[in-house]
Amino acid sequence: MGNKSIEEENTLNSPLLDPKMSTQQNTVADGYSRTDQRIPIATSTTPVAPPLNFDYNDGVPPSGDADDNYGATMEDHDNDSSDDDNNSHDNHHNSTLTGVDHHLPHPDRPQLEQTHEGEHRFDHGSIAALKITRATKLYAFCAALNSCNLGYDIGVNTGAGMLLQESLALTDVQLEVFMGSLNLFAMVGALSSHWISDRLGRRWSFRIAAVVFIFGTVIQSGAGGYASLMFGRAFVGLGVGFGLAVDPVYISEISQAAHRGQLVTWSEIATNIGIVLGFLSGLFFSSVDENVAWRLMFSLGAILPCFVIYFSTFVMPESPRWLVAKNREGEAREVLKMIYPDGYDVGVIVNEIKDTIEKESIAEHAVGWDVILFPSPAFKRMLMVGVGTAIAQQAVGIDAIQYFLVYILSESGIESRNAQMLILVVLGLIKLGVIVIAGHLFDRKGRRPLIMVSLLGCAVSLFIVSMSFIGGASSEAMAIFGLALYLAFFSIGMGPGAWLIPSEVFSTMIRAKAMSVATFMNRVTATIMSSTFLSVAQAMSWSGFFIMMSIVCLIILAWMYVYLPETKGRPLEDMSQYFAEITGDRSILEAEETLYRRDDPSEFRAPEPVVQPERQQPKRNVAPERPPPEDAHVMGTMA
């Protein structure tokens, strides 16, 4: 073979790459990485490989030069390492290298490629720090503006509901159906948006959603009876459903991976801004005749969609992921150049997008609905957490309470329209402010603490509201205080967290299907709660109803305490191992290993066999290499 360079001789092979390795060995569950090719090393004192950190290392095995071991973690097995200076060399060789990373670079050698992995590790090649570009902020803002339509509909119907009922002589049941039907029609819109978005592109989805919303708004504003009102409601719901589905998708696809979580929350913030705008419309028209006021309030809802049409046509670019999927890579590169700072290698990002699309296609065809309908213990726990959290968000009554806030205020003794609208604006601003704060707390404090505090606070707040209706005279101040606390506590945890948690816990194999189930069940629950709120409250009494809702919050709190795991700081690709640890179900790991072994090995070059130098080397598990699948981070060992 000829002489090899020292660096070639010292190349450390990955035990992931053994073509003879069985599917039961060297999986991610055993501490091996699909992406980083880290090698966990068992020591004499640690028979199981220890967890690895993310220190940089270029994969060069130990030698006399300590610099070659840059970033590796050494474990010293000498009982006495301070006898004299002559022992230093021996002590070095009695240390065990606990982790070598082929993926992360030595500072003096070529840097990590400018990839999504580099973004998360803050290693961007020649770019010191990856900041959100102005173009990215602009595109995310334009997309989030579409979510204001849903928020505005909630806000405007809160203020217009009672006026609408009196103007058209609607029964309580008719009003409940009108309010709750939005979620039903939105489900249809969300399900059909996938076909439109994939066929025509994200920008066309925005335009269609806006046009449908405007059409429904015009019909609602001119409705002369219940039938025409519901006809317009159907189109408004379809438009809202389109927006709910396409907004977060577009924002995630035009965002840098390092800042995706922050930017996606803009959609939730925009929804709450829309709620405040809807409340403000009620305050603005509080002195107008009630037969005209609700029509004007609905009509203003057609303004925001016009801006969405303009921005999606002249400002927003098409999603780079959609362009790559349609084999328009040149256009995708141009869009990515606007999203990433100058000098960033967007070609690598294009390749990663192609790999991800291919992997998702494999998963889509390899995994049917049986894994959802008849899940193994690990998948069952995932579904319980993800779908259960989505249901719980609406089970605490948020949509129903928001739609009927005016009725609650009226029952508490506040009869003035102007006072009611002013209180709504204040409550909306409180909810919006807390939502913004919560976005920063989830990554600092964790998911579980905020969800627990949120549910406990909601239970206490609803109990306070119930107390305002007990006794001979209702307490206006207590009702307002309880409602403000309820909206604040909901927004600190259950509001954003109920979508964050499902987006994290589902395995890649079932993520698309499971998220559709979670979204569907969330909307079904919202429809049931909104469509029965008035009838149940009047049947039970307002105090009894809010006591019941407080008990529901406590039941959900107990359920979350038992089943909700902490996912803070865990990569999405590690969720399979995490739930395998929790449930003791290794079948999920074997299924994913089988799925991702389908990756094309032609991209990897089999290394030369390792030639061990004559000097003593620390013991390590070495095996021939074979290509690893590419979609998971290191988890270390099974707990």
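Residues numbered from 1 in each chain as written. Predicted model: local features only at pLDDT ≥ 70, side-chain atom pairs only at ≥ 80, totals over all residues. Heavy atoms only, no water.

Draft legend 1. Focus on the overall build of the protein chain. If you tally the helices and strands in the protein chain, you get 26 helices and 4 strands. Looking at the protein chain as a whole, 54% of its 639 residues are labelled buried. (Helix = DSSP H or I, 4+ residues; strand = E, 2+ residues; numbered from the N terminus. Buried < 20%, exposed > 50% of the residue type's maximum accessible area, 1.4 Å probe, protein only.)

Draft legend 2. Quick look at the pattern of salt bridges. Applying the stated criterion to the full structure yields 8 salt bridges. Asp399 is the salt-bridge partner of Arg523, the closest N and O atoms lying 3.9 Å from each other. Of this pair, Arg523 sits in helix H23 (residues 511-540) while Asp399 sits in helix H17 (residues 398-403), placing them 124 residues apart in sequence. The burial state of Arg523 is the same as that of Asp399; both residues are buried. Where salt bridges share partners, they join Asp198, Arg202, Glu253 and Arg321 into one cluster. (Salt bridge = Lys/Arg side-chain N within 4 Å of Asp/Glu carboxyl O.)

Draft legend 3. Structural view of the side chain of Arg447. If you trace the backbone, Arg447 turns up in helix H20 (residues 447-467). The exposure class of Arg447 is buried, given its relative accessible area of 4%. The residues contacting Arg447, other than those within four sequence positions of it, are Phe442, Leu500, Ile501, Glu504, Glu566, Thr567 and Lys568. (Contact = heavy atoms within 4.5 Å.)

Draft legend 4. Region of the structure containing the side chain of Gln393. Inspection of the secondary structure puts Gln393 in helix H16 (residues 377-395). Residue Gln393 is classed as buried on the basis of its relative accessible area of 5%. There is a polar contact of 3.5 Å between the side chain of Gln393 and the backbone oxygen of Met494. Setting aside anything within four residues of it in sequence, one finds Gln393 in contact with Ile398, Phe490, Met494, Gly495, Ala498, Trp499 and Asn522. (Polar contact = N/O pair within 3.5 Å; in protein donor to acceptor, adjacent residues only side chain to side chain.)

Draft legend 5. Helix H8 (residues 226-253), seen in detail. Its 28 residues place the ends of H8 41 Å apart at the C-alpha level, agreeing with the 40 Å of an ideal helix rising 1.5 Å per residue. Of all the bends in H8, the greatest reaches close to 25 degrees and is centred on Val246; the proline Pro248 follows between one and four positions later. (Expected span 1.5 Å × (residues − 1). Bend = angle between axes of the 7 residues up to and from the residue.)

Draft legend 6. Quick look at the environment of Ala378. Inspection of the secondary structure assignment puts Ala378 in helix H16. Residues Ala378 and Tyr578, spaced 200 residues apart in sequence, show a C-alpha to C-alpha distance of 9.1 Å.

Draft legend 7. Region of interest: a nonpolar patch on the surface. A surface patch of nonpolar side chains, about 210 Å² in accessible area, is lined by Ile273, Leu277 and Leu280. Counting through the fold element by element, Leu280 comes out in helix H9 (residues 260-284). Given a relative accessible area of 36%, Leu280 falls into the partly exposed group. (Patch = residues over 30% accessible without salt bridge, like charges linked within 9 Å, V, L, I, M, F, W, Y side chains within 5 Å. Areas by Shrake-Rupley, 256 points an atom, 1.4 Å probe, with all protein chains shown as cover.)

Draft legend 8. Layout of the packing of aromatic side chains. With the rule as written, the count across this model stands at 19 aromatic pairs. For the ring pair Phe284 and Phe285, a centre distance of 5.0 Å and an interplane angle of 85 degrees mean the geometry is edge-to-face. For Phe284, a relative accessible area of 62% corresponds to the exposed category. (Phe/Tyr/Trp six-rings, centres within 6.5 Å; stacked < 30°, edge-to-face > 60°.)

Draft legend 9. Representation of the packing of H20 against helix H22 (residues 494-505). Packing of H20 against H22 brings their axes to within 10 Å, and their N-to-C directions diverge by 140 degrees. Note on packing geometry: the crossing formed by H20 with H22 is left-handed. Listed contacts from H22 to Arg447, Ile451, Ser454 and Leu455 of H20 are Met494, Gly497, Leu500, Ile501 and Glu504. A class-by-class count of the residues in the contact of H20 with H22 yields 5 nonpolar, 2 polar and 2 charged. (Axes fitted to C-alpha atoms, helices over the stretch in contact; angles between N-to-C directions. Left-handed = near helix turned anticlockwise from the far one by under 90°. Nonpolar A, V, L, I, M, F, W, Y, C, P; charged D, E, K, R; others polar.)

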